[in-house]
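A look at the structure
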Amino acid sequence: MTIKRGFSGTSIHRNRGGGSRFPIAILVLFLVLTPLIFFVGRGLYTTTSIDQNDILTGSSKQDVDWRERLALQHVKSLFSKEVIDIITANTDDLGPLSLDFFRKNNLSSSWKVVGLDTSAENNATFAEPNQIDANIKQQTPRFKKDDSSDDHSQLVDSPAKLARRQLREKRREKRAADLVKQDDEVIVKLENAAIERSKSVDSAVLGKYSIWRKESENENSDSTVRLMRDQIIMARVYISIANMKKKHDLAQELQSRLKESQRFLGEATSDADLHHSAPEKIKAMGQVLSKVREQLYDCKLVTGKLRAMLQSADEQVRSLKKQSTFLSQLAAKTIPNGIHCLSMRLTIEYYLLPPEKRKFPRSENLENPNLYHYALFSDNVLAASVVVNSTIMNAKEPEKHVFHIVTDKLNFGAMNMWFLLNPPRKATIHVENVDEFKWLNSSYCPVLRQLESAAMKEYYFKANHPTTLSAGSSNLKYRNPKYLSMLNHLRFYLPEVYPKLDKILFLDDDIVVQKDLTRLWSVDLHGKVNGAVETCGESFHRFDKYLNFSNPHIARNFDPNACGWAYGMNIFDLKEWKKKDITGIYHKWQNMNEDRVLWKLGTLPPGLITFYRLTHPLEKSWHVLGLGYNPSVDRSEIGNAAVIHYNGNMKPWLELAMTKYRSYWTKYIKFDHPYIRGCNLSE
């Protein structure tokens with residue numbers, strides 16, 4: 001015992017030597033860990049006593065309340081009054097600190113709380129917030145019994161505080177909803193403003209300008225040129241006003257600056273074309289305009305002058321358009337010097353040949369109905385050569401193809417000589433002169449009789465004012481020499497020209513063949529006479545575009561919305577032609593149109609009438625049109641087409657041809673040929 005006491009005394013003495021803080025630390029640690037142990041034990045207890053909560057008595061509930069109050073006392077003893085006040089202030093929105101509140105509201109749905117009703121336990125996972133609030137309200141009387149304790153009265157939920165907290169939460173939710181609504185309204189307003197602004201933007205300007213960026217970020221390539229032109233316009237306005245107000249010194253100063261700006265601007269179309277001193281010229285002109293504006297500005301006068309200038313510019317534009325139309329029609333009518341040279345040289349060479357050398361081989365094929373026959377009516381040697389060459393080069397069996405070419409007496413020698421010098425492989429060629437068709441006369445052919453009439457000559461050659469460029473612009477399209485040539489109307493007499501044939505493929509001389517065409521002879525026309533590609537769209541290239549439906553004869557017999565079709569590549573069944581007397585139908589309507597009241601001149605309108613309901617539509621890939629007037633023909637359509645057609649004024653042999661399409665035509669010309677090279681014909 002003595003030894004134990006000594007050892008104990010030594011140990012106590014040693015602890016005192018270590019200091020007196022150790023017991024205090026143990027006490028503090030105990031006070032801190034006690035609530036934590038309580039919470040952990042409480043949680044474990046709730047998980048293991050799910051099936052026993054119905055057995056709990058009122059005394060156990062009082063024990064729980066007693067333990068909670070004890071834990072709260074220990075927690076409160078750990079902090080000073082200032083800390084408690086701060087915690088209370090910061091958590092005021094969440095309500096007073098209450099273990100019951102945490103237990104009911106902040107635990108996950110997998111926890112079960114002792115003391116709640118069984119129905120509340122079973123629905124804990126799906127309980128709504130208002131149901132939890134109702135449960136809290138039901139528990140408040142139990143806490144009211146403990147209100148006599150001054151230490152804990154501030155930590156207990158009361159109905160008033162719950163109501164205040166719910167009111168605060170509602171206010172916060174309403175404020176948040178209002179803010180969200182305001183943001184949505186602002187976004188909608190901005191979107192509407194952007195839409196309205198975009199409607200006012202000129203779509204023609206979008207290629208160069210961007211209204212959404214600063215000018216420095218998207219500099220216009222022609223902004224300086226445009227500014228100089230605007231200055232020139234305003235200078236002209238103020239010169240006129242200065243002379244009106246007898247300010248001749250200002251007018252002279254403006255005039256000198258105007259001439260200088262005009263010389264400097266020249267033919268420039270973009271800022272890159274201007275000299276680097278352009279800003280200096282603009283600054284000088286701007287100073288003079290500013291000076292003149294201060295002395296002469298009159299809004300009414302300036303507006304009147306600008307309006308007069310605009311009207312004058314409109315009149316000039318209309319006049320230039322008429323001149324442009326006339327000149328383009330004139331260019332389309334003319335034959336280039338190179339082609340005229342080629343025709344003359346070939347004609348001379350042909351008539352120098354002895355008669356026995358002017359004949360083509362394989363003449364026995366001309367009336368063989370088992371071969372593939374083509375009809376080509378042309379007075380252009382080079383164009384006809386491209387049609388024949390392109391057809392033969394893309395044909396699978398060239399020896400089975402027969403070309404029947406009809407030309408006028410002026411080009412008969414040249415056409416013969418060209419194909420004698422350049423025979424198309426093993427294909428058969430036959431050239432005829434339309435003037436040698438004795439059966440084609442004015443007594444049989446109405447159009448010949450009409451073309452010889454004085455009224456038609458007046459229409460063609462005088463047109464009221466033949467000496468002015470802009471005169472008769474409405475008739476220019478129809479005053480083309482091709483309408484005076486029977487070569488253009490010979491397509492309505494195919495059975496008379498080729499009486500032994502059953503089918504024939506008609507080709508214009510402004511087409512290029514890109515694929516083998518023999519499949520066209522096996523197309524079933526279903527009893528129709530003409531096989532052609534339709535050209536109508538939503539509202540264009542229909543009958544009402546070509547025929548005068550105000551005339552009762554037209555209105556009674558035809559549908560204005562009937563679809564039009566194209567000449568240029570047409571497969572004709574000559575047997576059905578003869579059965580249905582197509583030539584007789586043509587003569588009937590041509591006689592009725594002697595005064596041009598049913599349609600204007602040309603061959604398509606009478607063709608639409610003659611073959612009305614007798615035309616079988618072909619697939620569009622057989623015949624693609626528009627290469628003589630439409631710059632936006634799809635390249636893929638051109639590549640897939642069997643035949644491409646340069647219909648329009650911009651023929652591929654003219655200088656005004658569209659260069660993007662010309663290569664499809666020129667690749668079938670031998671530019672190293674001595675005759676072509678001698679006439680300066682080049683790509």
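Before reading further, recall that the structure is shown in the block above.
The structure displayed is predicted, hence computed values, not measured ones.

With that settled, the discussion passes to the sheet that holds strand E10 (residues 643-645). Spatially, 3 strands are ordered E5-E10-E9 in an open sheet, and the strand pairing comes out mixed. Looking at strand neighbours, the two that pair on one side only are strand E5 (511-513) and strand E9 (623-624), the edges of this open sheet. Two strands pair when backbone bridges link them, and E5 and E10 are joined in this way by 3 bridges, in the antiparallel orientation. What sits directly across from Val 513, in E10, is Val 643.

Quick look at the packing of helix H10 (residues 248-265) against helix H11 (residues 278-296) now. At a minimum axis separation of 10 Å, H10 and H11 run at an interaxial angle of 155 degrees. One finds that H10 runs roughly antiparallel with respect to H11. In terms of crossing hand, the pair formed by H10 and H11 is left-handed. In this structure, H10 uses Leu 250, Glu 253, Leu 254, Arg 257, Leu 258, Glu 260, Ser 261 and Phe 264 to contact H11, whose residues at the interface are Ala 278, Lys 281, Ala 284, Met 285, Val 288, Leu 289, Lys 291, Val 292, Gln 295 and Leu 296. Per-class residue counts for the contact of H10 with H11 are 11 nonpolar, 2 polar and 5 charged.

Scanning all chains against the criterion turns up 24 aromatic pairs. A centroid spacing of 6.4 Å and a plane angle of 45 degrees characterise the contact between Phe 543 and Phe 558, whose relative ring orientation is tilted. Of this pair, Phe 543 sits in helix H20 (residues 543-546) while Phe 558 sits in the loop between helix H21 (552-557) and strand E7 (569-573), placing them 15 residues apart in sequence. Of the two residues, Phe 543 and Phe 558, both sit in the buried class. Between Trp 653 and Trp 665, the aromatic rings sit 6.0 Å apart at their centres with planes inclined by 50 degrees, giving tilted as the arrangement. Taken together, the residues Trp 653 in the loop between E10 and helix H26 (659-666) and Trp 665 in helix H26 connect sequence positions 12 residues apart. Residue classification places Trp 653 among the buried positions, given a relative accessible area of 12%. Judged by its relative accessible area of 1%, Trp 665 falls in the buried class. Taking the ring centre of Tyr 297 as reference, the NZ or CZ of Arg 293 above it sits at 4.4 Å. Sitting over the face of the ring of Tyr 546, Lys 545 holds its NZ or CZ atom 5.9 Å from the ring centroid.

A positive phi is found at Lys 246, a non-glycine position, where the angle reads about 60 degrees. Tracing the backbone shows Lys 246 in the loop between helix H9 (223-244) and H10. Phi at His 526 is positive, roughly 55 degrees, even though this residue is not glycine. With respect to the secondary-structure elements, His 526 resides in the loop between E5 and strand E6 (530-532).

Our focus in this paragraph is the sheet that holds strand E3 (residues 428-433). Taken in spatial order, the 7 strands line up as E3-E2-E1-E4-E7-E6-E8 in an open sheet, and their pairing is mixed. What marks the edges here is a single partner per strand, and that holds for E3 and strand E8 (615-617). Within the sheet, the average angular offset between the axes of one strand and its neighbour, ignoring direction, is 25 degrees. As defined by bridge partners, strand E4 (residues 503-507) adjoins E7 across 5 bridges and the pair is classed as antiparallel. From the neighbouring strand, Leu 505 faces E7, where its bridge partner is Ile 571.

Let us look at H10. Compared with the 26 Å implied by 1.5 Å per residue over 18 residues, the 25 Å span of H10 between its first and last C-alpha is a close match. Of the residues making up H10, those classed as buried are Leu 250, Ala 251, Leu 254, Leu 258, Ser 261, Phe 264 and Leu 265. Angularly, the buried residues of H10 cover 150 degrees about the axis, an arc narrow enough to put them on a single face. Structural note: H10 exposes Asp 249, Gln 252 and Arg 263 on the side pointing more than 90 degrees away from its buried face. In this structure, the buried side of H10 is in contact with H9 and H11.

Scoring rules and cut-offs
- For every chain, the first residue of the written sequence is number 1, and numbering continues from 1 onward in sequence order.
- In keeping with the model being predicted, local features are shown solely for residues with a pLDDT of at least 70 and side-chain atom pairs are shown and tallied solely at 80 or more, while totals for entire chains, interfaces and linings include all residues.
- Side-chain figures throughout are based on the complete set of non-hydrogen atoms in the structure, without hydrogens or water.
- Strands are labelled as partners when DSSP assigns at least two bridges between them.
- Secondary structure elements follow DSSP: runs of H or I of four or more residues count as helices, runs of E of two or more count as strands, with numbering from the N terminus.
- Every angle, taken between N-to-C directions, lies between 0 and 180 degrees, and every axis is a line fitted to C-alpha atoms, over only the stretch in contact when it is a helix.
- Angles are sorted into four bins: roughly parallel if under 35 degrees, roughly antiparallel if over 145, roughly perpendicular if 65 to 115, and oblique for all others.
- Less than a right angle of anticlockwise turn of the near helix away from the far helix marks a crossing as left-handed, whereas a clockwise turn marks it as right-handed.
- Here, residues are in contact when the closest pair of their heavy atoms is within 4.5 Å.
- Residue type decides the class: Asp, Glu, Lys and Arg count as charged, Ala, Val, Leu, Ile, Met, Phe, Trp, Tyr, Cys and Pro as nonpolar, and the leftover types, Gly among them, as polar.
- Each Phe, Tyr or Trp ring, with Trp reduced to its six-membered ring, pairs with another whose centre is within 6.5 Å; inter-plane angles below 30 degrees give stacked pairs, above 60 give edge-to-face pairs, and intermediate values give tilted ones.
- Remark: exposure states derive from per-residue accessible area (1.4 Å probe, protein chains only) relative to the maximum for the residue type, with buried under 20%, exposed over 50%, and partly exposed in between.
- Counting as a charge over the ring demands two things of the Lys NZ or Arg CZ atom: a distance within 6 Å of the ring centre and an angle within 35 degrees of the ring normal.
- Expected helix span is computed as 1.5 Å times (number of residues minus one).
- Think of it as the arc spanned by the lines of direction from the helix axis to the C-beta atoms.

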